[in-house]
Each structure stands twice: as structure tokens, then as C-alpha cells.
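Structural overview for review
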There are 4 protein chains.
Amino acid sequence: MMEQNPDRPPAGVALDLVVRYAETDAMGVVHHSTYIVWFEAGRVAWMDAAGMPYRTVADGGHHLAVTKLQAEYRSPARFGDTVRVVTRATSLRSRQVCFAYDIYSADDGILLATGNSEHISVDTHGRPAKIPSQVLAHLIAGMERLARDDTT
Amino acid sequence: MMEQNPDRPPAGVALDLVVRYAETDAMGVVHHSTYIVWFEAGRVAWMDAAGMPYRTVADGGHHLAVTKLQAEYRSPARFGDTVRVVTRATSLRSRQVCFAYDIYSADDGILLATGNSEHISVDTHGRPAKIPSQVLAHLIAGMERLARDDTT
Amino acid sequence: MMEQNPDRPPAGVALDLVVRYAETDAMGVVHHSTYIVWFEAGRVAWMDAAGMPYRTVADGGHHLAVTKLQAEYRSPARFGDTVRVVTRATSLRSRQVCFAYDIYSADDGILLATGNSEHISVDTHGRPAKIPSQVLAHLIAGMERLARDDTT
Amino acid sequence: MMEQNPDRPPAGVALDLVVRYAETDAMGVVHHSTYIVWFEAGRVAWMDAAGMPYRTVADGGHHLAVTKLQAEYRSPARFGDTVRVVTRATSLRSRQVCFAYDIYSADDGILLATGNSEHISVDTHGRPAKIPSQVLAHLIAGMERLARDDTT
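**A word on the overall build of chain A**
- Scanning chain A for helices and strands turns up three helices and six strands.
- The N-to-C order of helical and strand elements in chain A reads β-β-α-α-β-β-β-β-α.
- Computed over C-alpha atoms, the radius of gyration of chain A comes to 16 Å, within 12% of the 15 Å expected from 2.2 N^0.38 for 152 residues, which places it in the range of a compact globule.
- If one aligns the C-alpha atoms of chain A with their principal axes, the spans along those axes are about 45 × 40 × 20 Å.

**Observations regarding the packing of aromatic side chains**
Residues and elements named next belong to chain C.
- Using the criterion set out here, one finds 28 aromatic pairs over all chains in the structure.
- Seen in terms of ring centroids, Tyr21 and Phe79 are 5.0 Å apart; in terms of plane orientation they differ by 70°. Their pairing is edge-to-face. Pair noted here: Tyr21 is in the loop between β2 (13-18) and α1 (32-49) and Phe79 is in the loop between β3 (62-73) and β4 (82-92), with a separation of 58 residues, a long-range link. A single burial state applies to Tyr21 and to Phe79, both of which are buried.

**Considering helix α1 (residues 32-49) of chain A**
All names here are of chain A.
- Taking 1.5 Å per residue, 18 residues should reach 26 Å; α1 reaches 26 Å between its end C-alpha atoms and fits that length.
- In terms of burial, α1 is a largely internal element, 16 of the 18 residues being buried.
- Immediately downstream of α1, the backbone of Gly51 shows phi near 85°, a positive value.

**Quick notes on the pattern of salt bridges**
Residue and element names in this part refer to chain B.
- Throughout the structure, instances matching the rule amount to 22 salt bridges over all chains.
- Two residues, Arg127 and Asp123, come together in a salt bridge whose shortest N-O distance is 3.2 Å.
- For Asp123, a relative accessible area of 18% gives the class buried.

**Points about the relation of the copies chain D and chain C**
- When chain D is fitted to chain C, the residual RMSD is 0.0 Å, and the transformation amounts to a turn of 180° plus an axial shift of 0.0 Å. Classification of the inter-copy transformation places it as that of a two-fold axis. Within chain D, Gln70 of chain D has its C-alpha nearest the rotation axis, a separation of 2.2 Å.
- Most of the interface of chain D is mirrored in chain C, where 100% of its interface residues again form contacts.

**Re the relation of the copies chain A and chain B**
- When chain A is fitted to chain B, the best match, at an RMSD of 0.0 Å, comes from turning it 180° and sliding it 0.0 Å along the axis.
- Interface overlap between copies is the fraction of interface residues in one copy that are interface residues in the other; for chain A against chain B it reaches 100%, indicating a shared surface.

**Points about the interface of chain A and chain B**
- In this assembly, 18 residues from chain A lie in contact with 18 residues from chain B.
- Across the interface of chain A and chain B, roughly 1800 Å² is buried in total on both sides, 60% from carbon and sulfur atoms.
- Seen at the junction of chain A and chain B, the total is six residue pairs in polar contact (both at pLDDT 80 or more).
- Of all elements in the fold, only α1 and β3 (62-73) of chain A reach the threshold of two or more residues within the side of chain A that touches chain B.
- Across the side of chain A that touches chain B, the residue classes tally to eight nonpolar, six polar and four charged.
- Sheet analysis places β3 of chain A next to strand β3 (residues 62-73) of chain B, joined by five bridges and oriented antiparallel. Among the inter-strand pairings, Lys68 of chain A is bridged to a residue of β3 of chain B, identified as Glu72 of chain B.

**Re the interface of chain D and chain C**
- Of the residues lining the interface, 19 residues belong to chain D; the matching set on chain C comes to 19 residues.
- When the two sides are added together, the surface that chain D and chain C hide from each other amounts to roughly 1800 Å², 60% of it contributed by carbon and sulfur.
- On the chain D side of the interface with chain C, the three residues burying the most area are Met27, His32 and Tyr73 of chain D, jointly 29% of the side's total.
- Taken together, the links from chain D to chain C amount to zero salt bridges.
- Counting across the chain D and chain C interface gives six residue pairs in polar contact (both at pLDDT 80 or more).
- Of all the secondary-structure elements, those providing two or more residues to the side of chain D that touches chain C are α1 (32-49) and β3 (62-73) of chain D.
- Tallying contributions element by element places β3 of chain D first for the side of chain D that touches chain C, with ten residues.
- Its residues assigned to classes, the side of chain D that touches chain C comprises nine nonpolar, six polar and four charged.

**Things to note about the pairing of strand β4 (residues 82-92) of chain A**
Residues and elements named next belong to chain A.
- The element β4 is extensively covered by neighbouring structure, given that eight of its eleven residues are classed as buried.
- Alignment of strand β2 (residues 13-18) against β4, held across six bridges, turns out to be antiparallel. When the sheet's bridge partners are listed, Val18 is paired in β4 with Thr82.
- Taken together, β4 and the strand that follows it, strand β5 (residues 96-105), pair antiparallel across an intervening segment of three residues.

**Side note on the environment of Ala14 of chain B**
- By the secondary structure assignment, Ala14 of chain B is in strand β2 (residues 13-18).
- Beyond its immediate stretch of four places on either side in the chain, Ala14 of chain B contacts Arg84, Val85 and Val86 of chain B.

**Some details on the side chain of His119 of chain A**
Residue and element names in this part refer to chain A.
- Within the fold, His119 resides in strand β6 (residues 111-123).
- A residue is classified by how much of its surface remains accessible, and His119, at 1% relative accessible area, is buried.
- Within polar-contact distance, the side chain of His119 engages the backbone oxygen of Leu64 at 3.4 Å.

**Overview of the pairing of β3 of chain A**
Residues and elements named next belong to chain A.
- Taking burial as the measure, the twelve residues of β3 include nine buried ones, the bulk of the element.
- Direction of pairing for β3 relative to β6: antiparallel, over a ladder of eleven bridges. Note that in β6 the partner of Val66 across the bridge is His119.

**Structural notes on the confidence of the model for chain A**
- Model confidence for chain A is summarised by a mean pLDDT of 92, while 92% of its residues fall at 70 or above.
- Across the interface, the model reports ipTM at 0.92; the global pTM reads 0.94.

**Structural notes on the side chain of Thr67 of chain B**
- Turning to its location among the elements, Thr67 of chain B is positioned in strand β3.
- Sequence-distant contacts of Thr67 of chain B, that is, excluding residues within four places in its chain, are made with Ala71, Glu72 and Tyr73 of chain A together with Glu118, His119 and Ile120 of chain B.

**Some details on the packing of α1 of chain A against helix α1 (residues 32-49) of chain B**
- Between α1 of chain A and α1 of chain B, the shortest axis-to-axis distance is 9 Å and the interhelical angle comes to 170°. Comparing the axis directions of α1 of chain A and α1 of chain B gives the class roughly antiparallel. Residues His32, Ser33, Ile36, Val37, Glu40 and Arg43 of chain A of α1 of chain A pack against His32, Ser33, Ile36, Val37, Glu40 and Arg43 of chain B of α1 of chain B.
- Its residues placed into classes, the contact of α1 of chain A with α1 of chain B shows four nonpolar, four polar and four charged.

Cut-off values and rules
- Residues numbered from 1 in each chain as written.
- Chains lettered and ligands numbered in written order.
- Predicted model: local features only at pLDDT ≥ 70, side-chain atom pairs only at ≥ 80, totals over all residues.
- Heavy atoms only, no water.
- Helix = DSSP H or I, 4+ residues; strand = E, 2+ residues; numbered from the N terminus.
- Rg over C-alpha atoms; globule rule 2.2 N^0.38 Å.
- Phe/Tyr/Trp six-rings, centres within 6.5 Å; stacked < 30°, edge-to-face > 60°.
- Buried < 20%, exposed > 50% of the residue type's maximum accessible area, 1.4 Å probe, protein only.
- Expected span 1.5 Å × (residues − 1).
- Salt bridge = Lys/Arg side-chain N within 4 Å of Asp/Glu carboxyl O.
- Least-squares fit on C-alpha atoms with pLDDT ≥ 70 in both.
- Contact = heavy atoms within 4.5 Å.
- Buried area = accessible area lost by both parts, 1.4 Å probe.
- Polar contact = N/O pair within 3.5 Å; in protein donor to acceptor, adjacent residues only side chain to side chain.
- Nonpolar A, V, L, I, M, F, W, Y, C, P; charged D, E, K, R; others polar.
- Pairing = 2+ DSSP bridges.
- pLDDT = per-residue confidence, 0-100.
- Axes fitted to C-alpha atoms, helices over the stretch in contact; angles between N-to-C directions.
- Parallel < 35°, antiparallel > 145°, perpendicular 65-115°, else oblique.

Next comes the structure, spelled out in C-alpha cells:
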């Protein structure tokens, strides 16, 4: 088990994405459901950076099903903008993992949205199933390594 | 201004949707971002039922921009299922409106997901702008009418 | 095998859909990729009407993978419009099925878009696999019944 | 006006994209509508490379509305794959522009899908409107420069 140390926020992994036209809506800005897809891309990038790609976990027969999701929208993104999704793991346990997200405009650094998500580990039939201890150890080691990289 | 009476939950408007294949993901179930789109369809249906379609509000130069969103996922939906989105307005003010959502399996009544969203009123340039008093009065009247219809 | 009779176009199955806000883009109209999702919803509705739901085919271990797709866009759809997707099966064989689509504005009957798609039958591993003869017979019988219903 | 020389195919602009989980479907592969969104990202990248970003065209009050679309699907993409979208302009005129797309697996070079699209120039009200001659000249100059870069 690994909880974040409140004195030192966990290290974030940045992923830059170019806003697609298909991601906008008739208000002329990015549709709010798109950020949920970006959060997902962010946590996939986090797992890649932690050395335990989501695809490896999935190929091993486990999925991290979303059980809870929160998002706050502060400033709109527009077609052609580059957004930076910064993802942090905030809790890693054998049954539940949690992530937090900050999305910035990569052009001017403005914070566009924040969010967090909770996930339970399930098997390929969708039944709750502990994350294999090796996978969890890998994720925690990755989290610690990312924290070190972040502070040096 | 209109807050919900805690003793009597606000009336819900039901919208049935058939799950599209495009809404599923490689886990074999509906992707979690789809529910956010269903919430939106639910609140559009609520506004229709309240007698103040979102299109009318938008044509009048106002948008209800999402500022906050929460979702909890309990049970997965699958391709071909019919889901019932039940939407309630939980707060209607000139600057902010809030909605709550329950999504059920229409086939067996199982609760699949719940959620809520907060919105501020903006003009076509995305600047905060009070909901016109006539529109707000219409929404509140609709909310009260829906509550009466619900209890009789 | 069943090819369409050029003298009598195959019967169409109509599906009405309300345009979602998430389906629009910054041009203020429905994004062109959305029509591809509507085509799919149309052929799912066709298979339901033909008495052989796509879910039944999929549960039996077969999928109709899209191999080719064409779309022509004539007039834009907008948020809140109701569109009518009229789907016809134009060819039903054990290895390949083809569909054609017309999308109208349900409000004023204007033709918005047309399209067609070709599909091959694959197994759950994505390998080409003949549609089971019973499933094919069901689809052809449904196609003939829809044609009769259409002309009476 | 600028048509492609049949003896020398126009130069392609490559864009690499990582497949998102949200882009998959219950068949375990990328949903066919996703490729349409990737085609769009490809032509946006082409216009960037040609020195006339789509955003600049749009900010000037013109849009390139899709009138026709074709896609052929050869091999499925999967979650986590990197796909390479290679986009070519095949015709540039004041009223119509055409693009062609090839999508490869960036990992092993396998051709996954091909496609092409036709677009007419419209104003912000969706009415046909010639592409401004300066914009067109820029696009043609970009196309020629890309062709030179491609062959040297």
C-alpha cells in the first residue's frame, strides 16, 4: 500500500495533446466530456512512465475500472491549443488506485481543469480482483522513482 | 432562486437511450466518458420537459457552461442495453444551475451510475452572464410543475 | 446469398435520433464523424427489425467488421434536431454484408447525408469466418419480410 | 488551382498518434469512426506543415466543410498502438480541396486504413464561399514545398 505523503505531493507525469476539431462543440470550445478522455490518456502516460503500461496490466487479465470521477472546469480549451495533462497517482493499493489530474494550456500555463478518479481492480469478467502483487510493486516503485526524479 | 426542499426530492425527468456500439470500449462495457454525454442528454431532456429547451436558451445568447462534474459508477452498461437517465434540477439561480442524475438499466432497474453537475451561465463569448429572468422564471415554473406531476 | 433487386430498392428501417450537444463541433453543426456512429446505430436498428439483433450475432462469436465506408454530406444537422436514419441491407452473403443509409431531418424531410458500408464476418479473434447459415437465413428472411412490409 | 501530378504522388505529412482506450470498442480494437477523427487530425497537421494552419483559415471566417468521405479498413489498431497518419492534399481549388490518407502502424509499418475526403469552402454561416486567394496561394506553395522536401 502506498499513500501520498501530504508534505510532498506525488510527482506528476506530463502529457501534451493537441486539441482536435472533433473535440470541440457548438459553444466553440472543447466539450467537457473530452477532458475525461484526456484524464484517461494522462493516467495511461503515468503508468507508462512508472514502467507498468496499462496494456501490460490488461494483457495480464486485470482492468482498472473507474468507480468515481470528479472534474472542475476553470477555463476553456480551443481547437488547435496544446494542452498539458499532468497526472499523479495519489493512492496505490491492491484493490483501489487513485489518480489526480491538472490540465494546463501548454502555451501560456493557465490551469484549465482539475480532476481525480478512483479505480478498482477487476478481472476480465468485471469481477473485483486484487491487483497482482508484482504489478502493484512495480507501480509503487515507479511512483517512488517518479517522485525522486521530480525533486532532483 | 430555487433550492430543492430536502424533505421532498425534486422530480426527475426520464430519458431512455439505447447503448451504441461506439459507446463501448475494449473492456466490453460502456466507456466511462459516455455517461458524461448521457448526463448532458438527460439535462437537455429535463429542460425540454420544463418547457425551456436548451436550444432556446442558446439561441437567446446564453450557455450553461459546466464548471463541476461528479460521477459514480456502480454497474456496467453493455451494448444494446437500454439505459434510463433520470435527471433532476437541484438548484436554479440566475448565475448557477445544478443537476443530479441517476442512470438505471431500463431492463431490470439496476442503478448503474449517479452523478451531478454545476453550471454557470455565460454569454456567447464565454463571459459570466446572468440567466435572463424570464428564462429563469420559466425553468423554476417548470421545476415546480414537474414536482407536482411527480407527486400526483 | 441475397442481392438487392435493382427494380425494387430494399426496404428501409427508420431510426429517429435526437442530436446531442456533444455531437456538435465549433462550426456550430454536427461533426461529420457523428454520422458514421449514426450509420452504425441505423444498421443495429435494421438487424433488430430483421429479427436478428447484432447482440445475438456477437454473443454467438461473430462480428461484422467494417471494411469500407462512404459518406456524402449534403446539409448540416444541428443540436436539438431530430434526424431519421433510414437503413437498407443491400447485400447479404455468408462472408460479406452491405448496408446503405439515408439520413433525413425528421422535422422537414430534408436529406442531410447518405452513405454505405461493407462488412466482413469475423470471429472473436478478428479472423474471417463465415456468418453461420442460420444467422444468414434469419437476416435474409428478415430482409424479405421488411420488403413485403414496405410495399403493402 | 493545383491538381496532383499522376507521375509523382503529392508529398505526405506524417502525424503519430497513440491509440486511446476511449477509442476502442467491445470488439477489442479501435472503433471505425475513430479513423475519421484521425483523418481530420492528419489534415490539420498537413495544413500546419503547409504553413496555413486550419485555425488561421477558421479565424479568417472560412471553414472546409466535409462533403464526401471514403475509408477502407485493412487491419485493426489496438489500444496503446502508435499509428502514423500520412496525409496528402490531392487537389486544391478555390471552392474545393481534397485530401488522401494512409494510416500505418508506426510500430511495424503495416497499412491499417486508407481514406480520402472532399471539402468545400464555406463561410461562418455555412454558405459556399471561395477560399481567399491568399490562403489558397499559401496552401499551394506549401504543397509544392512539401513535395520538394519529400524528394530531396
